[in-house]
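Listed below, chain by chain, are the residues.
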Amino acid sequence: QVQLVESGGGLVQPGGSLRLSCETSRSIFSVYDMAWYRQAPVKQRELVAGISTGGSINYEDSVKGRFTISRENAKNTVYLQMNNLKPEDTAVYYCNARVGVLDDVWGQGTQVTVSS
C-alpha cells in the first residue's frame, strides 16, 4: 500500500513563496503518475500540477509561471514550489499518486493560506 505524506504548508503573505513536499512510502515514480490538487472552501478539488512517469508536466492555467512541480527519485519525494502566491491560492493542497484505474492514492492534505 502506497502512502503519501505532505508537508510545507503554512501562512504566507501575498507575493511570498512556499515549497510543498510529498514523500512516498516507497519508490513509485516509474509506475505512478504524481500530481498536486487543491480544494478551497465551497469549491471542487482541482488539479494544480502533474508529472507523469515519463516526466511530462502540466499545470492549471492560473498557476503557470508561478508554480513548479518536480520530483527527487533518491528521496521518493515530489515537490511543488509556489512563488508569487495570491490570496486565491488559499486551499488545502493534496498529493496524489495514480496508476490509471488500478490505484489512486491521496495524502492527508496540507493547508496553504495566503493573507496579509
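Residues numbered from 1 in each chain as written. Predicted model: local features only at pLDDT ≥ 70, side-chain atom pairs only at ≥ 80, totals over all residues. Heavy atoms only, no water.

### Quick notes on unusual backbone geometry
Now for step 1: The phi torsion at Val42 lies on the positive side, around 60°, for a residue other than glycine.
Now for step 2: Mapped onto the secondary structure, Val42 falls in the loop between strand S4 (33-39) and strand S5 (46-51).
Now for step 3: For Val42, a relative accessible area of 90% puts it in the exposed group.
Now for step 4: You will see that Asn76, though not glycine, has its phi angle at about 50°, which is positive.
Now for step 5: Mapping Asn76 onto the fold places it in the loop between strand S7 (67-72) and strand S8 (77-82). (Helix = DSSP H or I, 4+ residues; strand = E, 2+ residues; numbered from the N terminus. Buried < 20%, exposed > 50% of the residue type's maximum accessible area, 1.4 Å probe, protein only.)

### Overview of the pattern of salt bridges
Now for step 1: For the structure on display, the rule yields six salt bridges.
Now for step 2: The salt bridge partner of Asp61 is Lys64, with a shortest N-O separation of 3.0 Å. When sorted by exposure, Asp61 lands in the same class as Lys64, which is exposed.
Now for step 3: Taken together, the shared-partner salt bridges in this structure form one network comprising Arg38, Glu46, Glu60, Arg66 and Asp89. (Salt bridge = Lys/Arg side-chain N within 4 Å of Asp/Glu carboxyl O.)

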